[in-house]
Amino acid sequence: MTSKYNPLWAILLPIIAAVILVITKSAPGIPGSGLLLGAVVVASVIAAVHHAEVIAHRVGEPFGTLVLAMAVTVIECALIISMMMSGNPDAATLPRDTVFAGVMILLSGLIGISLLAGGRRHHVQQFKLDGINAALGTLVAILAFTLILPNYTITPGPAYNQKQMLFVAIATLVLFGAFTFFQTVRHRDYFLPEENGQTDEDGDGHADPPSNRDTLVSSVMLVIALVAVVLGAKAVSPTIETMLDHAGAPAGTVGILIAAIVLLPESVAAVRAALGNRLQTSLNLAIGSAIATIGLTIPAVIIVSLTQGWSLSLGLTPMSMALLVVTLFITSISLRTGRTNILPGIVHLVLFAAYLFLSFVP
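Here the structure is a predicted model, which means the values were calculated and not measured. (Residues numbered from 1 in each chain as written. Predicted model: local features only at pLDDT ≥ 70, side-chain atom pairs only at ≥ 80, totals over all residues. Heavy atoms only, no water.)

1. With respect to the overall build of the chain
Move 1: Along its length, the chain carries 11 helices and 2 strands.
Move 2: Helices and strands appear in the chain in the N-to-C order α-α-α-α-β-α-α-α-α-α-α-β-α.
Move 3: Counting all 362 residues of the chain, 52% fall into the buried class.
Move 4: The contacts in the chain between residues at least 6 apart in sequence include a share of 84% that link residues at least 24 apart. (Helix = DSSP H or I, 4+ residues; strand = E, 2+ residues; numbered from the N terminus. Buried < 20%, exposed > 50% of the residue type's maximum accessible area, 1.4 Å probe, protein only. Contact = heavy atoms within 4.5 Å.)

2. What about helix 1 (residues 8–26)?
Move 1: In this model helix 1 runs 27 Å from its N-terminal to its C-terminal C-alpha over 19 residues, within 8% of the 27 Å that 1.5 Å per residue would give.
Move 2: Ala10, Ile11, Pro14, Ala17, Ile20, Leu21 and Thr24 are the residues of helix 1 that are buried. (Expected span 1.5 Å × (residues − 1).)

3. Structural notes on unusual backbone geometry
Move 1: If you check the backbone angles, histidine 123 has positive phi at about 70° while not being a glycine.
Move 2: Note that histidine 123 resides in the loop between helix 4 (94–122) and strand 1 (125–126).
Move 3: For histidine 123, a relative accessible area of 58% translates into the label exposed.
Move 4: The phi dihedral of asparagine 277 falls on the positive side, at around 65°, and the residue is not glycine.
Move 5: Relative to the assigned elements, asparagine 277 resides in the loop between helix 8 (253–275) and helix 9 (279–308).
Move 6: When its relative accessible area of 10% is taken as the criterion, asparagine 277 is described as buried.

4. Side note on the packing of aromatic side chains
Move 1: This model, assessed by the stated rule, comprises 6 aromatic pairs.
Move 2: Centroid distance phenylalanine 182 to phenylalanine 191: 6.0 Å. Interplanar angle 90°. Geometry classified as edge-to-face.
Move 3: Here phenylalanine 191 falls in the buried class, since its relative accessible area comes to 1%.
Move 4: Following the ring pairs from residue to residue traces out a cluster consisting of Phe179, Phe182, Tyr190 and Phe191. (Phe/Tyr/Trp six-rings, centres within 6.5 Å; stacked < 30°, edge-to-face > 60°.)

5. Focus: the environment of proline 299
Move 1: Tracing the backbone shows proline 299 in helix 9.
Move 2: Given a relative accessible area of 1%, proline 299 falls into the buried group.

6. Section: empty space enclosed by the protein
Move 1: Taken as a whole and assessed by the stated rule, the structure comprises 2 cavities of 30 Å³ or more.
Move 2: Taken as a whole, the second largest cavity encloses approximately 30 Å³ of empty space.
Move 3: Along its surface, the second largest cavity is lined by Ile132, Ala135, Phe179, Gln183, Phe191, Leu283, Asn284, Ile287 and Gly288.
Move 4: Residues belonging to the lining of the second largest cavity are distributed by class as follows: 6 nonpolar, 3 polar and no charged. (1 Å grid on protein atoms, 1.4 Å probe; cavity = no way out; pocket = protein on both sides within 12 Å on 5 of 7 lines; lining within 4 Å. Points joined across faces, edges and corners; volume = space filled by probe spheres on them. Nonpolar A, V, L, I, M, F, W, Y, C, P; charged D, E, K, R; others polar.)

7. Describing helix 6 (residues 162–186)
Move 1: Compared with the 36 Å implied by 1.5 Å per residue over 25 residues, the 34 Å span of helix 6 between its first and last C-alpha is a close match.
Move 2: Looking at helix 6, one finds that the buried residues are Met165, Val168, Ala169, Ala171, Thr172, Phe176, Phe179, Thr180, Gln183 and Thr184.

8. A few points about the pattern of salt bridges
Move 1: Counted by the stated rule, this structure contains 1 salt bridge.
Move 2: One salt bridge connects arginine 96 with aspartate 97, and the closest N-O pair in it is separated by 3.1 Å. With respect to burial, arginine 96 and aspartate 97 carry one shared label: buried. (Salt bridge = Lys/Arg side-chain N within 4 Å of Asp/Glu carboxyl O.)

9. Some details on the environment of threonine 153
Move 1: By secondary structure assignment, the location of threonine 153 is in the loop between helix 5 (129–148) and helix 6.
Move 2: Once you skip the residues sitting within four places of it in the chain, threonine 153 turns out to touch Ala159, Tyr160 and Gln164.
Move 3: Of note is the side chain of threonine 153, whose polar atom sits 3.4 Å from the backbone oxygen of proline 150. (Polar contact = N/O pair within 3.5 Å; in protein donor to acceptor, adjacent residues only side chain to side chain.)

10. Quick notes on the packing of helix 4 against helix 5
Move 1: Between helix 4 and helix 5, whose axes approach to 12 Å, the crossing angle comes to 155°. As the angle between them shows, helix 4 and helix 5 are arranged roughly antiparallel. Crossing angle aside, the handedness with which helix 4 passes helix 5 is left-handed. Mapping the contact onto sequence places Arg96, Val99, Phe100, Val103 and Leu107 in helix 4 and Leu139, Leu143 and Leu147 in helix 5.
Move 2: Taken together, the residues of the contact of helix 4 with helix 5 break down into 7 nonpolar, no polar and 1 charged. (Axes fitted to C-alpha atoms, helices over the stretch in contact; angles between N-to-C directions. Parallel < 35°, antiparallel > 145°, perpendicular 65-115°, else oblique. Left-handed = near helix turned anticlockwise from the far one by under 90°.)

11. Observations regarding the confidence of the model for the chain
Fine structural detail should not be taken from predicted coordinates in areas where pLDDT scores are low.
Move 1: Across the chain, the average pLDDT comes to 83, with 90% of residues at 70 or higher.
Move 2: Within the model, the stretch residues 197–205 combines pLDDT values under 50 with 19 contacts to residues more than four positions away or in other chains. (pLDDT = per-residue confidence, 0-100.)

12. Observations regarding the side chain of threonine 327
Move 1: Along the chain, the position of threonine 327 falls in helix 10 (residues 318–334).
Move 2: Dropping the residues within four chain positions of it, threonine 327 is found in contact with Met104, Leu107, Ser108 and Leu351.

13. Regarding the environment of serine 311
Move 1: Along the chain, serine 311 turns up in the loop between helix 9 and helix 10.
Move 2: When the C-alpha positions of serine 311 and asparagine 161 are compared, they lie 9.5 Å apart, and in sequence the two are 150 residues distant.

14. Here we look at a nonpolar patch on the surface
Move 1: On the surface, a nonpolar cluster with roughly 410 Å² of combined accessible area is contributed by Ile342, Leu343, Ile346, Val347 and Val350.
Move 2: Mapped onto the elements of the fold, valine 350 is located in helix 11 (residues 342–360). (Patch = residues over 30% accessible without salt bridge, like charges linked within 9 Å, V, L, I, M, F, W, Y side chains within 5 Å. Areas by Shrake-Rupley, 256 points an atom, 1.4 Å probe, with all protein chains shown as cover.)

15. Re the packing of helix 4 against helix 9
Move 1: For the pair helix 4 and helix 9, the least separation of the axes is 10 Å and the interaxial angle reads 180°. One finds that helix 4 runs roughly antiparallel with respect to helix 9. Counted together, Pro95, Val99, Val103, Leu106, Leu107, Leu110, Ile111, Ser114 and Leu115 of helix 4 and Leu279, Ser282, Leu283, Ala286, Ile287, Ser289, Ala290, Thr293, Ile294, Thr297, Ile298 and Val301 of helix 9 form the full contact between these two elements.
Move 2: Partitioned by chemical class, the residues of the contact of helix 4 with helix 9 number 16 nonpolar, 5 polar and no charged.

What follows is the structure in structure tokens.
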């Protein structure tokens, strides 16, 4: 069953995670079960993204980045909804904090590392401007609907009323669907990597695609890993909240933690692509994941909130809104010419450092 694309660890992690979940479910109260379940969630996320990458390699670009984005979104929704169901006192702002953290990690952190790492190795890298401009335009519209406009409606607080939430859910789904059609059907060529005549120094950029057998195995393992993430997140939520409370962490820390866990494996794939002189793939992953994160996660959370009667605060604080606007402005400047170097990467990383610092020292 193991192969180049499905090494032993990628097969064992989902299976072991499933076994541990069954054991902890049948025998609750096992000492150290909280930490064990936390390890299960992290391992399942890593395995899920690995198998999503295998499937993505099989289907090719730009469908591959869409597969990765969908897998990440399922994981993120599971973690958010599980934390909200556990009675988290900050449940109303958890989706906002998580989505905002994901956007900042992707647009400032991931793009910054990719531009810096790729620019350091290759000096100047190129990408297709038409696709990136379309993606950024879609992302800005979704961000405005979900994180900025709630602060300016007449509804008290940074929140929408039920009718407004339903409209925003539909609007973001329409924007996500339109972008997906644009990316995968109408203008697929805008998102294909440039043929730069260079070999992939990491050895994975032009490798033969996985076989049907590898793809089938990865599909099965992906389902198992995603189920383990969903069930494990629900079980480990109380432990995470207790640990953060004892540490005196700010309320938004939970959102940052969720986003970091979910996006870490995908970030590694994006940086490897930039090092292999495939910056187009890196940007597809970063901006495409940001669109999917909001375009799918927010509607899912809104639907669950409406059916469960939960309150939901989506509007950002003034400081966070300023950081978001600056990030979008810097990103649009950094990616305006279709060519990048290390300087924009440094700017993005300093902006990311400011976001992290101000999250803990507001």
